[in-house]
Amino acid sequence: DVALITNRFNPDNLMHVFHDDLFPLYYTMQQFPDLDAESRLVFMEGWNEGLHFDLYKLLSNKQPLLKQHLGTLGKLLCFTKSYVGLSKMTTWYQYGFVQPQGPKANILVSGNEIRQFTRFLLSKLNRSSEAIPTDEYIVIFSRTVNRLILNEAELILALAQEFNMKTVTVSLDDYSFGDIAHLISNASMLVSMHGAQLVTAVFLPPGAMVVELFPYGVNPDHYTPYKTLTALPGMDLHYVAWRNTKEENTFTFPERPWDQGGISHLDKTEQERIMKSQEVPRHLCCRNPEWLFRIYQDTIVDIPSLIDIIKKGMKSKPGRKKQKYTNSLYPGKVRDAKCETSVQGADEAKLSVSWQIPWNLKYLKVREVKYEVWIQEQGENTYMPYMLSHQNHTFSENIKPFTTYLVWIRCIFNKTLLGPFADVLMCST
């Protein structure tokens, strides 16, 4: 087997499964031609399969191996070839281990990469060819254990009446993931409490709206993984956040275990402070008791204020048909990418890269065409990004002799329409 050996981040949390595992796995496999459907995924972090293992299995025709499986396969396990680790170029969020959580400082992914992967996933789930409903509808993602919407039935009725759309509820407990993804892929609006299930917004069609609900005391501006997702260039999604500002509409659970929001293990003074607090201060991941206490509350949604926020958001929402049209004008891959190298001396080398225009460029009227080139020294985590106007360039700055570089190239139309990267070039000086 050719193997890709890596660690999963948290296979029980759907946001982490997509953001930290599936997207990076897919695009790491795209970068290396021999990491194809017949390669083997090997997960070494030590977790069990987790709740969403079936999604990992879609990436390869072979059963993934877990760390605990390796002991049953003999003392020495050999692979024809193996790759270790993942490219994180597709991630857009940092979870607050070093500084409070927020968007990554240098986001490299666009909606084009996100939608390419979701099309792949829908086809693997056998949902891509199903009939597309003609009527617009709203999906409410229902949580069933905690962070509940206590007046969910009234909310469903109110949204259906206000926006004259069918409103359906889904949950991870009652629906297969394929059914959820297919439903969301044709929805006009996705409504949900803050939580990992909102990563399913990646399946929404261009022009759709994401409505994220936050419990009392939780500031939407401090927790933005899904807002950041919707704002990626080319996602063409509209986002609004609603926050419960009425303490009488929240239900807390101080007696629960600490990891479900309980605070009874804290001293009385700290418990009282948390109970009186009106907003969770910014904090680091992942055990802040005030954050856990507030985020695991159940909520009665104030329906008039929510509808008002949605309607205000709709006024600035771009038309869906226009978005679909715009979204189709992305550049294709650059073609015939090549690299040549030369060593000039003991500490000087040159790397020349050339390519041909994307196939569809000659058919389109495009105001501005640029090419983005990333150069990464093999084994390093950082990239050197360059923006070029021409189809060839010779690099000498930071290029070292007797070193292997990975080079990615993509075309960009009009600054915001990002094409897919061509297959990675391996260039040795």
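Just so it is clear, the structure is predicted and the values come from calculations on it, not from any experiment.

**Student:** Looking at this structure, how should I read the sheet that holds strand E11 (residues 238–243)?
**Tutor:** Strand-to-strand pairing in sheets goes through backbone hydrogen bonds, with the strands running parallel or antiparallel. Judged by pairing direction, the sheet is parallel, and its five strands sit side by side in the order E8-E7-E9-E10-E11 without closing on themselves. Taken across any chain shown, the strands that pair with only one partner, and hence form the sheet edges, are strand E8 (166–170) and E11. With direction set aside, neighbouring strand axes in the sheet form an average angle of 20°. In terms of strand pairing, strand E10 (residues 209–214) meets E11 through six bridges, oriented parallel. Each residue of the ladder has a partner; that of Val210, found in E11, is Tyr239. Packing of helix H10 (residues 303–315) onto the sheet brings it into contact with strand E9 (189–193), E10 and E11, and relative to E11 it is tilted by some 160°.

**Student:** Help me understand the sheet that holds strand E18 (residues 392–395), please; the structure alone is not making it clear to me.
**Tutor:** As summarised here, the arrangement of the three strands in space is E14-E15-E18, forming an open sheet in which the pairing is antiparallel. With partners counted over all chains shown, the strands left at the sheet margins are strand E14 (335–345) and E18, one partner each. Neighbour-to-neighbour, the strand axes of the sheet open up by a mean angle of 15°, direction not taken into account. Bridging between strand E15 (residues 348–356) and E18 involves four bridges; their strand directions are antiparallel. Along E18, the bridge assignment pairs Leu351 with Phe395.

**Student:** Explain the packing of helix H5 (residues 152–163) against H10 here, please?
**Tutor:** Working note: a packed helix pair is described by the angle between its axes plus the distance between those axes. With their axes 11 Å apart at the nearest point, H5 and H10 run at an angle of 40° to one another. Here H5 is positioned oblique relative to H10, judged by the angle of their axes. Once H5 is placed against H10, the crossing between them reads as right-handed. Together, Glu154, Leu155, Ala158, Leu159, Glu162 and Phe163 of H5 and Ile303, Leu306, Ile307, Ile310, Lys311 and Met314 of H10 make up the contact between the two elements.

**Student:** It is not clear to me how the layout of surface pockets should be interpreted in this structure. Could you clarify?
**Tutor:** Its volume calculated, the largest pocket comes out at about 1400 Å³. Together, 43 residues line the largest pocket, and Asn13, Arg143, Arg147, Ala196 and Tyr296 are the ones closest to its centre. Contributions of two or more residues to the lining of the largest pocket are made by helix H1 (14–31), helix H7 (225–230) and helix H9 (289–295). Split into classes, the residues belonging to the lining of the largest pocket amount to 22 nonpolar, 15 polar and six charged.

**Student:** Is there a simple way to think about the confidence of the model for the protein chain in this case?
**Tutor:** It should be kept in mind that the predicted coordinates are not to be read in detail where pLDDT is low. Overall, the prediction assigns the protein chain a mean pLDDT of 91, with 96% of residues at 70 or greater. Note that pLDDT drops below 50 for residues 319–328; the model gives that stretch 16 contacts with residues more than four away or on any other chain.

Cut-offs applied
Position numbers for residues count from 1 along each chain, tracking the sequence in the order it is written. For this predicted model, a pLDDT threshold of at least 70 governs which residues receive local features, and a threshold of 80 or more governs which side-chain atom pairs are given and counted, while totals over whole chains, interfaces and linings are taken from all residues. Note that the side-chain values use all heavy atoms of the structure and ignore hydrogens as well as water. Strand pairing is assigned whenever DSSP detects at least two bridges linking the two strands. Here a strand is any run of E in DSSP of at least two residues, a helix any run of H or I of at least four, and the numbering for each starts at the N terminus. Lines fitted to C-alpha atoms define the axes here, with helix axes fitted over just the stretch in contact, and angles between the N-to-C directions of these axes take values from 0 to 180 degrees. In this analysis, two residues are considered to be in contact whenever any of their non-hydrogen atoms come within 4.5 Å of each other. Roughly parallel means an angle under 35 degrees; roughly antiparallel, over 145; roughly perpendicular, 65 to 115; everything else is oblique. With the far helix as reference, a near helix turned anticlockwise by less than a right angle produces a left-handed crossing, and one turned clockwise produces a right-handed crossing. In this analysis a 1.4 Å probe is tested at points of a 1 Å grid over the protein atoms alone, and where it fits but cannot get out there is a cavity; an open set with protein on both sides within 12 Å along at least five of seven lines is a pocket; lining residues have an atom within 4 Å of a point. Grid points are joined across faces, edges and corners, and a volume is the space filled by probe spheres set on the points. All amino acids are sorted into three groups, where Ala, Val, Leu, Ile, Met, Phe, Trp, Tyr, Cys and Pro are nonpolar, Asp, Glu, Lys and Arg are charged, and the leftover types, Gly among them, are polar. For every residue, the predictor states its confidence as a pLDDT score lying anywhere from 0 to 100.

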